[in-house]
Amino acid sequence: MSTATEPSDFIAAEQQRAAAAMPFADTADLADADRGFIAALEPGVVTAADGTVVWDNDSYDFLRESCPASVNPSLWRQAGLVIKQGLFEVTEGIYQIRGLDLSNMTLVEGKTGVVVIDPLISVETAVAGLALYRAHRGDRPVTGLIYTHSHVDHFGGALGVTTADDVSAGRCPVLAPAGFLEHAVAENVYAGTAMARRAGYMYGAVLPRGPLGAVGAGLGQTTSVGTVTLIPPTVDITATGQQETVDGIRIVFQITPGTEAPAEMNFYFPDRRALCMAENATHTLHNLLTLRGALVRDPHVWAKYLTEAITLFARESDVVFASHHWPTWGTDRLVEFLALQRDLYGYLNDQTLRLLNQGYVGAEIAEMLTLPPAVEGAWHTRGYYGSVSHNVKAIYQRYMGWFDGNPAHLWEHPPVESAIRHVEFMGGVDEVLRKAQASYAAGDYRWVAQVVNYVIFADPNNDAAKALQASTFEQLGYGAENATWRNFYLSGAYELRYGSFGTPTKANAPTMLSALTVDQIFDAMALRVDGPKAWNQRVVADWHITDENRVHRLELRNGRLTHFRQPEGVRLPEADAVFTLTKATLTRVLLVGDDFGVAAAAGDIQIEGDVTKLAELVGVFDAPDPDFAIVTPRGMIG
């Protein structure tokens with residue numbers, strides 16, 4: 001199929017109108033993004049031990065040129081700020097590594113070493129960042145590790161900055177908000193395959209980097225693709241106002257559950273007058289429902305915690321920094337920054353609820369809602385990562401669910417059946433494509449994407465439809481201010497032109513799987529049971545986990561896997577089989593895919609009772625599909 005299209009005249013004109021309406025006279029971010037610069041990583045490339053490139057910031061050097069018509073000028077500006085990489089001083093004793101992964105790594109100097117906040121996604125990028133810091137600040141040991149929240153870009157590089165031995169020996173405490181471990185592993189395991197597949201779209205994983213391809217993700221450039229690790233926390237932060245001292249550094253914490261992550265915290269360094277806002281206040285409108293998928297976040301709670309941070313800490317701070325982007329200096333400036341962020345999320349929440357209570361549905365409110373001028377006019381509230389459009393729909397979904405109340409939408413046909421009927425009613429494939437081509441020529445790309453999608457789902461082998469849809473997605477991508485929208489559109493075009501790129505990153509890293517509790521392991525397996533296949537299967541098995549000295553009862557009946565810890569002193573009906581093994585072995589055989597028979601022959605599993613029940617159980621497990629279709633019907637990739 002043909003290569004990417006150039007931006008149309010309609011898109012070029014729209015870019016010019018957008019540029020004229022934006023506050024380009026406000027250049028404060030340009031100075032802030034450069035402030036405190038010490039040194040860059042040269043070259044800005046990080047490789048794994050086998051030479052595989054896991055991060056390449058230099059591939060975005062084209063962003064230093066003038067903005068082309070194929071990129072929204074506001075997004076081009078944001079990407080140009082985000083590519084600034086290296087070691088930066090935030091304030092005396094606090095430093096940041098920026099531009100070496102999607103997120104920042106912050107280093108706070110203590111009495112004997114340095115405390116690391118958020119060690120990036122990958123071991124390799126974390127090692128490179130720590131080495132850059134040490135080259136300019138001395139070979140200080142890591143004497144503490146803090147995870148601000150439960151997303152992988154804030155803990156995945158843990159084993160790149162410390163070791164399990166140092167943590168277990170108490171030389172490096174690991175601090176995290178209460179619930180961190182549960183949410184960190186659950187999000188990446190339960191729906192991990194689907195989220196990872198869609199994340200490939202969201203971050204433009206396979207897009208060529210350039211004016212017609214990937215220019216970043218708004219929050220950072222993209223995700224590194226190195227080794228993901230996880231060290232479980234040793235200190236839980238459970239309440240706002242909790243104080244801890246790590247290597248002589250006093251820290252006051254604010255717990256903010258249900259904001260940008262289900263387990264998240266801000267914290268204040270009173271001796272440095274510095275405030276860390278985790279990912280609750282960055283230089284973009286964030287996601288309330290990320291395009292890769294997640295639980296819907298609560299903007300009302302988000303705004304409430306921002307107010308609390310202002311009240312508790314902001315007016316006693318000289319600088320505010322976060323786990324993405326650049327800091328903001330000056331008490332008055334940072335208070336206003338946080339207040340505008342607060343007003344942004346609160347306004348979206350309140351106005352969406354006001355309008356839904358007048359009977360408008362999410363798609364309508366998304367077109368109606370306009371931000372207040374003071375909020376709209378700030379660069380840091382613009383939708384580079386989240387957007388007003390999809391955040392409004394997320395708020396509607398949070399309160400009202402998928403159904404908009406119209407019975408016509410209660411029981412619609414699924415995509416393929418609906419597409420076949422739409423195309424037939426519109427006069428057949430050729431007629432739809434003829435009209436769609438006219439709409440494309442008129443610049444009505446939103447409509448073209450909708451109607452040509454019907455053709456593709458009704459006639460998946462229609463190359464003309466896929467070519468037109470690919471070109472349409474490209475135009476929509478070129479015009480998007482939101483980086484993740486751009487990446488989704490251009491990734492969809494890529495798959496239509498060249499076929500599926502699958503899931504470039506692994507959903508379940510070994511150290512993340514090892515952090516699952518036994519209950520979570522069985523929860524994950526329950527999600528893999530092929531229900532209809534298991535309707536008539538009946539299995540009762542006890543799993544004796546030796547290193548926990550607990551027995552878990554597992555029952556398969558009516559296509560559903562139920563599990564629970566056997567209560568002490570309660571006599572249960574006899575199990576069909578009893579398996580005795582360690583938690584690590586349980587993880588290997590149930591989640592990693594190691595062979596049961598091999599593990600039993602090696603003595604890692606002892607089996608009593610009816611061994612055939614094991615085969616029955618394993619026989620109903622389904623495997624997730626990391627290559628499922630997105631822009632074509634399932635079973636028809638590209």
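The structure we're discussing is the one just above.
Residues numbered from 1 in each chain as written. Predicted model: local features only at pLDDT ≥ 70, side-chain atom pairs only at ≥ 80, totals over all residues. Heavy atoms only, no water.

A. Expanded view of helix H14 (residues 429–441). For H14, built from 13 residues, the straight-helix expectation of 18 Å at 1.5 Å per residue is met to within 8% by its first-to-last C-alpha distance of 18 Å. Among the residues of H14, Val-429, Val-432, Leu-433, Ala-436, Ser-439 and Tyr-440 are the ones counted as buried. End-on view of H14: buried residues confined to an arc of 120 degrees, all on one side of the axis. Of the exposed residues in H14, those oriented more than 90 degrees away from the buried face are Asp-430, Arg-434 and Ala-441. Tucked inside the fold, the buried residues of H14 contact helix H13 (415–425), helix H15 (445–458) and helix H16 (463–479). Phi turns positive, to about 85 degrees, at Gly-443, one or two residues after H14. (Helix = DSSP H or I, 4+ residues; strand = E, 2+ residues; numbered from the N terminus. Expected span 1.5 Å × (residues − 1). Buried < 20%, exposed > 50% of the residue type's maximum accessible area, 1.4 Å probe, protein only. Arc of directions from axis to C-beta. Contact = heavy atoms within 4.5 Å.)

B. Focus on the nonpolar core. Formed by 77 residues in total, the largest nonpolar core has its most connected members in Tyr-147, Trp-543 and Leu-586. Leaving out residues up to four positions away in the same chain, Trp-543 has contacts with Phe-522, Arg-550, Val-551, His-552, Leu-554, Phe-579, Leu-581, Leu-586, Phe-596 and Leu-617. By size, the runner-up hydrophobic cluster in this structure holds 39 residues, among which are Val-361, Ala-366, Leu-371 and Val-375. (Core = buried A, V, L, I, M, F, W, Y, C linked by side-chain atoms within 4.5 Å.)

C. Just the sheet that holds strand S16 (residues 328–329), in detail. Here 6 strands make up an open sheet; going across it, the order is S11-S12-S13-S14-S15-S16 and the pairing mixed. Two strands close off the open sheet at either side, each with one partner strand: strand S11 (243–246) and S16. Across 4 bridges, strand S12 (residues 249–255) lies against strand S13 (residues 265–269) in antiparallel orientation. Note on S13: the bridge partner recorded for Val-252 is Tyr-268. (Pairing = 2+ DSSP bridges.)

D. View of a nonpolar patch on the surface. On the surface, a cluster of nonpolar side chains totalling about 510 Å² of accessible area is made up of Trp-402, Leu-410 and Trp-411. In this structure, Leu-410 sits in the loop between helix H12 (388–400) and H13. (Patch = residues over 30% accessible without salt bridge, like charges linked within 9 Å, V, L, I, M, F, W, Y side chains within 5 Å. Areas by Shrake-Rupley, 256 points an atom, 1.4 Å probe, with all protein chains shown as cover. Salt bridge = Lys/Arg side-chain N within 4 Å of Asp/Glu carboxyl O.)

E. Region of the structure containing unusual backbone geometry. In this structure, the amide linkage connecting Glu-42 to the following residue, Pro-43, adopts the cis form with an omega of -10 degrees. By the secondary structure assignment, Pro-43 is in the loop between strand S1 (37–39) and strand S2 (45–47). With a phi angle near 65 degrees, Leu-120 is a residue other than glycine that sits in the positive phi range. Given a relative accessible area of 0%, Leu-120 falls into the buried group.

F. Seen up close, the sheet that holds strand S19 (residues 560–565). Pairing in this open sheet of 5 strands is mixed, and the strands run S19-S18-S17-S20-S21 from one edge to the other. Edge positions in the sheet fall to S19 and strand S21 (606–609), since each of these pairs with one other strand and no more. Mean inter-strand twist for the sheet, computed between neighbouring axes without regard to direction, equals 20 degrees. Two strands pair when backbone bridges link them, and strand S17 (residues 539–545) and strand S20 (residues 577–581) are joined in this way by 5 bridges, in the parallel orientation. Pairing of His-544 across the sheet is with Thr-580, part of S20. (Axes fitted to C-alpha atoms, helices over the stretch in contact; angles between N-to-C directions.)

G. Region of interest: the pairing of strand S4 (residues 86–91). Looking at chain direction, S1 and S4 are connected through 2 bridges and run antiparallel. The residue bridging Ala-39 from the neighbouring strand is Leu-87, located in S4. As paired elements, S4 and strand S5 (residues 94–98) share 5 bridges and run antiparallel to each other. In the strand pairing of S5, Phe-88 is matched with Gln-96. A loop of 2 residues connects S4 with S5, the two strands running antiparallel in sequence, and Gly-93 in this loop sits at a positive phi of about 85 degrees.

H. Helix H19 (residues 518–526), seen in detail. Those residues of H19 not exposed but buried are Val-518, Gln-520, Ile-521, Phe-522, Ala-524 and Met-525. Lining the buried residues of H19 we find helix H6 (180–189), S17, strand S18 (550–557), S19 and helix H20 (583–592).

I. Local environment of the state of the cysteines. All told, the structure shown has 0 disulfides when counted by the stated rule. As a non-bridged cysteine, Cys-276 has Cys-172 as the owner of its nearest cysteine sulfur, 17 Å distant. (Disulfide = S-S within 2.5 Å.)

J. Representation of the packing of helix H9 (residues 331–356) against H12 within the structure. Here H9 crosses H12 at 60 degrees, and the two axes come no closer than 10 Å. Classified by the angle between their axes, H9 and H12 sit oblique to one another. Handedness of the crossing formed by H9 with H12: right-handed. In contact with Leu-348, Asn-349, Thr-352, Leu-353 and Leu-356 of H9, H12 contributes Val-388, Asn-391, Val-392, Ile-395, Tyr-396, Tyr-399 and Met-400. (Parallel < 35°, antiparallel > 145°, perpendicular 65-115°, else oblique. Left-handed = near helix turned anticlockwise from the far one by under 90°.)

K. Spotlight on the packing of H19 against H20. Running from N to C, H19 and H20 cross one another at 10 degrees; their axes reach a closest spacing of 11 Å. Looking at the two axes, H19 sits roughly parallel to H20. Mapping the contact onto sequence places Val-518, Ile-521, Phe-522, Ala-524 and Met-525 in H19 and Lys-583, Leu-586, Thr-587, Leu-590 and Leu-591 in H20. For the contact of H19 with H20, the per-class residue count stands at 8 nonpolar, 1 polar and 1 charged. (Nonpolar A, V, L, I, M, F, W, Y, C, P; charged D, E, K, R; others polar.)

L. Structural view of the pattern of salt bridges. One pass over the full model with this rule turns up 29 salt bridges. A salt bridge links Arg-171 to Asp-166, with the shortest nitrogen-to-oxygen separation between them at 2.7 Å. On the accessibility criterion, Asp-166 (23% relative accessible area) is partly exposed. Where Glu-474 meets Arg-497, a salt bridge forms, and the shortest distance between an N and an O atom there is 2.9 Å. In this pair, Glu-474 sits in helix H16 while Arg-497 sits in helix H17 (residues 483–498), placing the two residues 23 residues apart along the sequence. The exposure class of Glu-474 is buried, given its relative accessible area of 4%. Classification of Arg-497 by relative accessible area gives buried; the value is 7%. Through salt bridges that share partners, Glu-109, Arg-137 and Arg-140 make up one connected network.

M. The arrangement of the packing of aromatic side chains in detail. Taken as a whole and assessed by the stated rule, the structure comprises 22 aromatic pairs. Ring plane angle 55 degrees and centroid distance 5.3 Å describe the contact between Tyr-201 and Phe-488, whose orientation is recorded as tilted. Of the two residues, Tyr-201 is situated in helix H7 (residues 192–202) and Phe-488 in helix H17; the sequence distance between them amounts to 287 residues. Given the relative accessible area of 1%, Tyr-201 is considered buried. Ring plane angle 45 degrees and centroid distance 5.4 Å describe the contact between Trp-402 and Phe-403, whose orientation is recorded as tilted. By relative accessible area, Phe-403 is classed as partly exposed at 25%. (Phe/Tyr/Trp six-rings, centres within 6.5 Å; stacked < 30°, edge-to-face > 60°.)

Such coordinate-based values are descriptive only and should not be taken to indicate function.
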